Amino acid sequence: MQSYWMRITDTGTTLEVRDTPVPAPATDQVLVRMRAAGLNRGEFIAGHGLHGKAGGWKAIGGEGAGEVVAVGPAVSALERGDRVMGRCAGAFSEYALMETAEAVKVPDSLSWEEAASIPLTFLVAYDMLVLQGRLKPGEWLLINGVSSGVGVASLQLGKVLGAKVIGTSGSAAKLDALKPLGLDVALCTRAADFAPSVMQATGQHGADLVVNAVGGSVFAENLRAMAFEGRLATVGYVDGVLHADIDLEALHARRLSLFGVSNKLRSKAQRAAAVPRFVADVMPHIAAGRIKPQIDQVVEFARLAEAKARMEAGSHIGKIVLKMPVAA
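The residue numbers shown here count from 1 along each chain, following its written sequence. Owing to the predicted nature of the model, reporting of local features is limited to residues with pLDDT of at least 70; listing and counting of side-chain atom pairs is limited to 80 or more, with chain, interface and lining totals taken over all residues. Side-chain metrics in this entry use all non-hydrogen atoms of the structure; hydrogen atoms and water are not considered.

Chemist: Got a sec to walk through unusual backbone geometry? Specific residues and values, please.
Modeler: Despite not being glycine, Arg 134 has its phi angle at roughly 50°, a positive value. Runs of E in the DSSP output that reach at least two residues are strands. Runs of H or I that reach at least four are helices, and both are numbered from the N terminus. Here Arg 134 shows up in the loop between helix 2 (119-132) and strand 9 (140-144). Relative accessibility thresholds used throughout: buried, under 20% of the residue-type maximum; exposed, over 50%; partly exposed, between the two (1.4 Å probe, protein chains only). Judged by its relative accessible area of 44%, Arg 134 falls in the partly exposed class. With phi around 60°, Glu 229 is a residue other than glycine that occupies positive phi space. One can find Glu 229 in strand 13 (residues 226-234).

And the structure:
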């Protein structure tokens, strides 16, 4: 089978297509003939995401969708021919192994490309907004970098949860494109200058929950924009700024909560624990079309380098999806 491998060095990133044997599923795994896979920034950053240390080669791709072609000895909930989507290592491949606990059946209403764009971003959004963020109807949700894959997923999930959503982006065109999805307040900025506008939009209440997918350059500004008992989720640092000042007086007096969202150090069981709740709480909205995956572009398997460049340039709105080659 063909699969993409990546190596990160001090001088840059190298992508390589390799021919490797088709793997066999272990006890609680299924083998999936991949039809599409979603791109995520973390896969291309050393020390962040699914690959190992800089300098080594690793099969890449963290989520995808396809047909089950073989099942492990202990698998009973899935069978050959089932359409599934889920998080899985090495998803940029013709075939990939998926843990049964991570596999979600694909609704008939979804294309392969739509299904492949869901697992990572929406499970992350569910973790931020529901499991840790405790977002309630009527609360204000602030999303930094709202046009990213996680940003759009958070916007869509926030709206079905009944929140009022503020989004920041450096592109007015991107913000305009997201208004039909329910974006209530659009702030066109890349700078850490949005707290006064957030306070004005919320009647001086502030944001009850903040999703920071940008990084340390906006961390302090997010604290200034938060409401009493506000919560701040840090899910990424595309700005490369890994350190930021914390206003301890504000943290203390306003009873703020800060938390991170990452699966990097979690066990398989910990990563999979939220999947049943996600299926029960979110998948009905997706199946019914109340949440429709936002795909920026579908790119052929051989053009991964072009898709990576588009993502790193920040040109996309929503998810970029890799389309797998049809098996001979």
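Chemist: Describe in detail the environment of Lys 292, supporting the description with residues and values.
Modeler: Within the secondary structure layout, Lys 292 lies in the loop between helix 10 (283-287) and strand 15 (295-300). Only heavy atoms matter for contacts: two residues are in contact if any of them lie within 4.5 Å across the pair. Setting aside its immediate chain neighbours within four residues, Lys 292 contacts Glu 114 and Gln 156. In terms of polar contacts, Lys 292 uses its side chain to reach the side chain of Glu 114, at 2.7 Å. Nitrogen and oxygen atoms within 3.5 Å of one another constitute a polar contact, given that in protein one can donate a hydrogen and the other can accept it, and given that sequence-neighbouring residues count only through two side-chain atoms.

Chemist: Explain the sheet that holds strand 2 (residues 12-19) residue by residue, including any values.
Modeler: Criterion used throughout: strands pair if DSSP finds at least two bridges between them. Read across the sheet, 3 strands follow the order 2-1-4 without closing on themselves; strand pairing throughout is antiparallel. Among the strands making up the open sheet, the edge pair consists of strand 2 and strand 4 (57-59). Adjacent strand axes in the sheet meet at a mean angle of 30°, parallel and antiparallel pairs treated alike. Direction of pairing for strand 1 (residues 2-9) relative to strand 2: antiparallel, over a ladder of 8 bridges. What sits directly across from Trp 5, in strand 2, is Glu 16. Axis definition: a line fitted to C-alpha atoms, over the contacting stretch in the case of helices. Angles run 0 to 180 degrees between N-to-C directions.

Chemist: Run through helix 3 (residues 149-160), naming residues and quoting values.
Modeler: Working rule for helices: expected span equals 1.5 Å times residues minus one. Given a rise of 1.5 Å per residue, 12 residues ought to cover 16 Å, and the 17 Å separating the end C-alpha atoms of helix 3 matches this to within 8%. Of all the 12 residues making up helix 3, 10 are buried; the element is thus mostly covered by neighbouring parts of the structure. Residues Gly 149, Val 150, Gly 151, Val 152, Ala 153, Ser 154, Leu 155, Gln 156, Leu 157 and Gly 158 constitute the buried set of helix 3. At its buried positions, helix 3 is contacted by helix 2, strand 9, strand 10 (164-169), helix 4 (172-178), strand 12 (207-212) and strand 16 (319-323).

Chemist: Describe the nonpolar core, listing the residues and the values that go with them.
Modeler: Counting 45 residues, the largest nonpolar core has Met 85, Met 128, Leu 129, Leu 141, Val 235 and Phe 278 as its most contacted members. Listing elements by their share of this core, those giving two or more residues are helix 1 (112-116), helix 2, strand 9, helix 3, helix 4, strand 12, helix 9 (275-281) and helix 10. No other element matches the 7 residues that helix 2 contributes to this core. Here Leu 129 is in contact with Arg 134, Leu 135, Leu 141, Ser 154, Leu 157, Gly 158, Leu 161, Leu 209 and Val 211, once residues within four sequence places are set aside. Residues enter a nonpolar core if they are buried and are Ala, Val, Leu, Ile, Met, Phe, Trp, Tyr or Cys, with the set joined through side-chain atoms within 4.5 Å. Counting 27 residues, the second-largest nonpolar core is a separate cluster that includes Leu 78, Leu 304, Ala 307 and Leu 322.

It is worth stressing that arrangement in space is one thing and function is another; only the former is reported here.
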